[in-house]
Amino acid sequence: MTNVLIIGAGGQIPAILIPLLQAEPTLKLTLFGSNAANLPYDNVKKVSGDASRIDDLIEVMQNQDAIYMNFDNLAITKLVIEAMHETGVKRIIQAGVLSVYGEVAEPFATWNSKMMGGSVAQHRGNEALEASDLDYTYMRMTWLYDAKRTDYVASPKGEPFLGAQISRYAIAQFVVDNLTGKRNDVRASIGLWEPGSENKAKPDFY
């Protein structure tokens, strides 16, 4: 049995991800967030707490095997890493942003930069994860939308970022694939986009 902790369990991606993980017989879930006790899931452990408090993180990480972190904040990522070292957890998957390396290709790059602003892609969790000794996966997600489409392109660090959109279902599938061993993107920063969205100037929904 693999114990999986979701930090920020009340978000939009976890709403898709949690039922998928619950369907996996080898996984046992703990949900952590400011109002985790009120989340509408059965047969999971729910812990309400504050991710900016190291004591809360250390407590909820006890006996966990892997972590999915549903947001990207450098200061909190550093606290999560500290708590992981304290508790011996090695595996983390973090939802992050594109353009942290200036890797977005044209024609999408111009629109993306205008919408995000130059500072949005700076001081992100990838900086702390890449400097750590953890088995991390940092997800550089392109623009998200809701569609029941689960296919994705997984682009390693160092390759141009081409895709303008991806569904939250596809992001959830990528996380499931890593937690169940279908993929093993360890110590990797992965760009994620939808096949067919390459070379678009902007997402279809804008």
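Residues numbered from 1 in each chain as written. Predicted model: local features only at pLDDT ≥ 70, side-chain atom pairs only at ≥ 80, totals over all residues. Heavy atoms only, no water.

Asks: Explain the overall build of the protein to me, and be specific about the residues and the numbers.
Replies: Each helix and strand counted, the protein has 6 helices and 10 strands in total. For 206 residues, the compact-globule estimate of 2.2 N^0.38 gives 17 Å, and the protein sits close to it at 16 Å. The buried share of the protein, taken over its 206 residues, is 51%. Summed over all atoms, the accessible surface of the protein reaches about 9,300 Å², with 47% contributed by carbon and sulfur. Across the protein, 19 positive and 24 negative side-chain charges occur, with their mean positions spaced 3 Å apart. (Helix = DSSP H or I, 4+ residues; strand = E, 2+ residues; numbered from the N terminus. Rg over C-alpha atoms; globule rule 2.2 N^0.38 Å. Buried < 20%, exposed > 50% of the residue type's maximum accessible area, 1.4 Å probe, protein only. Areas by Shrake-Rupley, 256 points an atom, 1.4 Å probe, with all protein chains shown as cover. Lys, Arg positive; Asp, Glu negative; His and termini not counted. Charge placed at Lys NZ, Arg CZ, Asp CG, Glu CD.)

Asks: How would you sum up the packing of helix α2 (residues 54-61) against helix α3 (residues 74-87)? Please name residues and give values.
Replies: It is the contact of α2 with α3, at a shortest axis distance of 9 Å, that shows an interaxial angle of 45°. By the angle class used here, α2 and α3 are oblique. In terms of crossing hand, the pair formed by α2 and α3 is right-handed. Between α2 and α3, the contacting residues are Ile54, Leu57, Ile58 and Met61 on the first element and Leu79, Val80, Glu82, Ala83, Met84, Glu86 and Thr87 on the second. Residue classes in the contact of α2 with α3 are distributed as 8 nonpolar, 1 polar and 2 charged. (Axes fitted to C-alpha atoms, helices over the stretch in contact; angles between N-to-C directions. Parallel < 35°, antiparallel > 145°, perpendicular 65-115°, else oblique. Left-handed = near helix turned anticlockwise from the far one by under 90°. Contact = heavy atoms within 4.5 Å. Nonpolar A, V, L, I, M, F, W, Y, C, P; charged D, E, K, R; others polar.)

Asks: Give a detailed account of the sheet that holds strand β8 (residues 153-156), specifying residues and quantitative values.
Replies: If you trace the 8 strands from one edge of the open sheet to the other, you get β3-β2-β1-β4-β5-β6-β10-β8, paired in mixed fashion. Since the sheet does not close on itself, it has two edges, and those belong to β3 (45-48) and β8, each with one partner. Sheet twist, expressed as the average angle between the axes of neighbouring strands with direction ignored, equals 25°. Pairing of strand β6 (residues 135-141) with strand β10 (residues 188-193) involves 5 bridges; the strand directions are parallel. Considered in β10, the bridge of Thr137 is made with Ala188. (Pairing = 2+ DSSP bridges.)

Asks: Describe the packing of helix α1 (residues 12-22) against helix α6 (residues 168-179), listing the residues and the values that go with them.
Replies: The description of two helices packed together rests on the angle between their axes and the distance between the axes. In contact at an axis separation of 9 Å, α1 and α6 are set at 45° when each is read in the N-to-C sense. Between α1 and α6, the angle is such that the two are oblique. Relative to α6, α1 is oriented so that their crossing is right-handed. Packed against α1, whose contacting residues are Gln12, Ile13, Ile16, Leu17, Leu20 and Leu21, the element α6 presents Arg168, Tyr169, Ile171, Ala172, Val175, Val176 and Leu179 at the interface. Along the lines of polarity and charge, the residues of the contact of α1 with α6 split into 11 nonpolar, 1 polar and 1 charged.

Asks: Tell me what's going on with α1, and back it up with residues and numbers.
Replies: Those residues of α1 that sit buried are Ile13, Pro14, Ile16, Leu17, Ile18 and Leu21. Buried positions along α1 lie against β1 (2-7), β2 (27-33), β4 (66-69), β6, β7 (143-145) and α6.

Asks: Can you break down the pattern of salt bridges residue by residue, with the values?
Replies: According to the stated counting rule, one finds 8 salt bridges in the structure shown. A salt bridge links Arg168 to Asp146; the nearest nitrogen and oxygen atoms lie 3.1 Å apart. Separated by 22 residues along the polypeptide, Arg168 in helix α6 and Asp146 in the loop between β7 and β8 bring together distant segments of the chain. By relative accessible area, which is 12% here, Arg168 ends up buried. Connected through shared salt-bridge partners, Arg149, Asp151 and Glu194 make up one network. (Salt bridge = Lys/Arg side-chain N within 4 Å of Asp/Glu carboxyl O.)

Asks: Provide a residue-level description of the environment of Gln94, including the pertinent values.
Replies: Examined against the element boundaries, Gln94 turns out to sit in strand β5 (residues 91-97). For the pair formed by Gln94 and Thr137, sequence separation is 43 residues and the distance between their alpha carbons is 6.3 Å. Among all residues touching Gln94, those that are not within four sequence positions of it are Met69, Phe71, Asp72, Asn73, Thr77, Gly125, Asn126, Leu129, Thr137, Tyr138 and Met139. Here the side chain of Gln94 touches Thr77 through a polar contact of 2.9 Å, side chain to side chain. (Polar contact = N/O pair within 3.5 Å; in protein donor to acceptor, adjacent residues only side chain to side chain.)

Asks: Give me a nonpolar patch on the surface: which residues, what numbers.
Replies: There is a patch of nonpolar side chains on the surface, built from Met115, Phe205 and Tyr206 and spanning about 290 Å² of accessible area. Structurally, Phe205 can be placed in the segment after β10. Of the residues examined, Phe205 reaches a relative accessible area of 36% and is grouped as partly exposed. (Patch = residues over 30% accessible without salt bridge, like charges linked within 9 Å, V, L, I, M, F, W, Y side chains within 5 Å.)

Interpretation note: all reported values are geometric properties and have no functional meaning in isolation.
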